[in-house]
Amino acid sequence: MRTLGDFFSERKFPEDQETRISQAVASKDGLPAQVFRSYATRTHKFLDGFEKHVSIKGTRPGTPFYRKRAVEKLIDWLGKGPKKQNAWIIYRQAAILYLQAELATLNTLLSEVPAPDTLSVTEALKLTCSRATEYEVSKDDVLRFYELWGIERTPDFETSIDDWMKPDEDALQRRQLATATTAVSELKKAVAARALEAASLRQQIERTEQAEAETRSAQKTLTDAAHKLEASVAALADEVRRGGARLNALEGGSKDTVSTSTLTSEIQRIEASTKAALKTAMDAARATVADAFNTKLSRTKEELEKEIRDISSKLSAATEGAAPAKQLSAQPTPFSVAHRTPSEPLKDVVALRRALTSAARARGVDPSMMLQIHAAIAAGLTPVLLGPAALAALTAYADGACSGRLMVIHVSPSALQPRDLDDPPGGGLLEAVRAAKDIEGLSLVVLEGANRSPIEGSVVPLLQMLDLGLSPLAPARGLRLSATLVAGATTVPVSSQMWSYATAVYPAPTTAKKQAVSTSGALALSSELLTPGDPPTEIVGSLLESWPDCSELRPALERLGAALTRLYDIQKDEQRIADALLSGLVLPYIATSLDVEEQAEALSTAKATDELAKALVRLRRRLC
């Protein structure tokens, strides 16, 4: 179906309109100048054509300075020269991007309203205006389009537009009817869904009532069993006292007349009687507890444990004469705080840099990579550290930004799925969540040696759930996940999918003498230091153009880049930001997703240096 948008796109700009628009763009006045300067460098023709093939002296393609100079050159081309056609293609694409971004309702109208085969420009404008009310397009929107798009001028358009904007009543009624029909359909679906929810709720209420009845029955059973047990224990105590009295009598004045065999027989009888009574009491207790568990009631673990402790205490008192067992005290927080120095609130980048540098030096780590760890945390990505200084660097970050709160989970080769990390020996993610959920600051968990287990089974699903807010870590707002990778014969290759949710960091150990940490850093959850800046779209676009195999990393690159722009000046540190994105995401993805021949081809396409090629080889050895 040919639409109004197709009709206007097919029209060639007349020479007088090209002159009008080129003069407006050159003078920096009016809508054409605004649109061209804002959107020209975002068009396909610019990114895939101009920027690849046109050199501008003193600039580097992909940088803001290059693109500023490129726009000036394109403005010259609009007016004259052999490359005029290319400049006008870029102008038309920039105008379309503007329509899509800032005149969305008009863009929808042009994309949906059919255009008859025989149609003049005036008739097309009349049709656009008559359908404007239906699509909630304003008069100003139509006038902007008329100024921007270089179609033939229509006499008295500005004075005629009010009459033309009168709605097409038939079309408007059809659209309203379609909208009402859709609304009714959605309402029916909503009613059906509510009915299902009501039925489900009734079933839950019935199950709850049944469970409550069974719970009361089980409680009565346990109470009766406890009474029987108390009676059994009392009877046992009486038997023991009677046996003791008989023994005293036997050991006393009757020594001369009672034979050894009689004494032995009496002792054996008392011993057998005691054992039988104890066995009966123990069997009754076990049967009662088993019945309680077999009812499969929705009773809390604490209630059952209390009843078991009460029974065990009574048995212990009867058989050993010991005091009832005391309930264990609450366990301390699993977060290891290596020092007890005061925490300094971190209010700006300078304070953060100072705290992280001090903590890194205290841990014997080169401070240069510490801000990259923080950028990953702020971007919602998981920092994955490699090398001998990996755990020390994460400990330093916990010192510098988390008030020293750090929990290390040593990943076992038997961890095959995320729930294997919930409660491993020594404490896991669930214990960390319980400890951190009421803390109004950052706390760090480290999956030490994450590549001892299959990462695509144990870690990647956890990172995906973290990204969606569905992981068990969600209740603890300040809890952040990190990981280290180890080298060795028992490790497994790293999945390339991990780099959509994580970034690699390579901290270097230092030979400098370790220093004491004078203060630890405390980063509030509301701090702007945890809020990303603006995504460096030009840097990301340039990287993906050089490394086209990494297109699926665009969201992760933009997130990490936005966090880095909060920490660095994009004008002064553009190369540093680009290098961090390259080393943290692009190279790890290339190393883990492509084979050796494909990696060589990717390096060639990117025109990578020998140093970069060697870095990729080293990375492949660590990750694969």
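Once a new chain begins, its residue numbering starts again from 1 and follows that chain's sequence as written. Reporting of local features is limited, given that this is a predicted model, to residues whose pLDDT is at least 70; pairs of side-chain atoms are given and counted only at 80 or more, and all residues count toward the totals for whole chains, interfaces and linings. Hydrogens and waters are ignored; side-chain quantities use all the structure's heavy atoms.

## A word on the overall build of the protein
Counting its regular elements, the protein contains 24 helices and 7 strands. Contacts are residue-level and defined by heavy atoms, with any inter-residue pair within 4.5 Å sufficient. Intrachain contacts of the protein at a sequence separation of at least 6 include 77% that bridge at least 24 residues. Each accessible area is a Shrake-Rupley estimate made with a 1.4 Å probe; only the visible protein chains count as cover when residues are assessed. Total accessible area on the protein is roughly 33700 Å²; 53% of this is exposed by carbon and sulfur atoms. Numbering of helices and strands runs from the N terminus, with a helix taken as a DSSP run of H or I at least four residues long and a strand as a DSSP run of E at least two residues long.

## Comments concerning the nonpolar core
Residues belong to a common nonpolar core when they are buried Ala, Val, Leu, Ile, Met, Phe, Trp, Tyr or Cys residues joined through side-chain atoms within 4.5 Å. Only protein chains enter the accessibility calculation, which uses a 1.4 Å probe. A residue is then buried if its area is under 20% of the maximum for its type, exposed if over 50%, and partly exposed in between. Ranked by internal contacts, the top residues of the largest apolar core, which has 100 residues, are Tyr-397, Leu-444, Leu-447, Met-498, Trp-499, Trp-547 and Leu-581. With 11 residues, the single largest contributor to this core is helix H22 (residues 574–593). Excluding its chain neighbours within four sequence positions, the residues that come into contact with Trp-499 are Val-384, Val-494, Ala-504, Leu-553, Ala-556, Gly-584, Leu-585, Pro-588, Tyr-589, Thr-592 and Leu-623. In this structure, Phe-13, Val-25, Tyr-98 and Ala-115 belong to the second largest nonpolar core, which totals 54 residues.

## Examining the side chain of Ser-453
Structurally, the position occupied by Ser-453 is in the loop between strand S4 (443–448) and helix H18 (455–458). The buried category is assigned to Ser-453, whose relative accessible area is 0%. If we skip the residues at most four places from it in the chain, Ser-453 touches Val-411, Ser-412, Pro-413, Ala-415, Ser-458 and Val-492.

## Description of the pairing of strand S3 (residues 406–410)
One ladder, built from 5 bridges, connects S3 with S4; its direction is parallel. From the neighbouring strand, Ile-409 faces S4, where its bridge partner is Leu-447. With strands facing away from the observer, any crossover in which the path from the first strand over the helix to the second runs clockwise is taken as right-handed. After leaving S3, the chain enters helix H17 (residues 429–436) and then returns to the sheet as S4, a path that is right-handed. Strand pairing requires that DSSP identify at least two bridges connecting the strands.

## As for the packing of aromatic side chains
Ring pairs shown here join Phe, Tyr and Trp side chains whose ring centres sit within 6.5 Å, with only the six-membered ring taken for Trp; geometry is labelled stacked below 30 degrees between planes, edge-to-face above 60, and tilted in between. For the structure shown, the criterion picks out 13 aromatic pairs. Residues Phe-13 and Tyr-91 carry aromatic rings whose centres are separated by 6.4 Å and whose planes lie at 75° to one another, so their mutual orientation is edge-to-face. Note that Phe-13 is positioned in the loop between helix H1 (4–10) and helix H2 (15–26) and Tyr-91 in helix H6 (residues 84–102), a separation of 78 residues in sequence. When the centroid spacing of 4.1 Å and the interplanar angle of 25° are considered together, the rings of Tyr-146 and Phe-157 count as stacked. Of this pair, Tyr-146 sits in helix H9 (residues 139–148) while Phe-157 is found in helix H10 (residues 157–164), placing the two residues 11 residues apart along the sequence. Here Tyr-146 and Phe-157 have matching classes, each one buried.

## Quick notes on the packing of H2 against H6
As a packed pair, H2 and H6 sit with axes 13 Å apart at the nearest point and diverge in direction by 75°. Overall, the two elements H2 and H6 adopt an arrangement that is roughly perpendicular. Contacts between H2 and H6 involve Glu-18, Ile-21, Ser-22 and Val-25 on the former and, on the latter, Lys-84, Trp-88 and Tyr-91. In the scheme used here, Gly and all other residues not listed as nonpolar or charged are polar, with Ala, Val, Leu, Ile, Met, Phe, Trp, Tyr, Cys and Pro taken as nonpolar and Asp, Glu, Lys and Arg as charged. Across the contact of H2 with H6, the residue classes tally to 4 nonpolar, 1 polar and 2 charged. Only the contacting stretch of a helix is used when fitting its axis, a line to C-alpha atoms as for every element, and angles between N-to-C directions run 0 to 180 degrees. Working definition: roughly parallel below 35 degrees, roughly antiparallel above 145 degrees, roughly perpendicular at 65 to 115 degrees, and oblique for all remaining angles.

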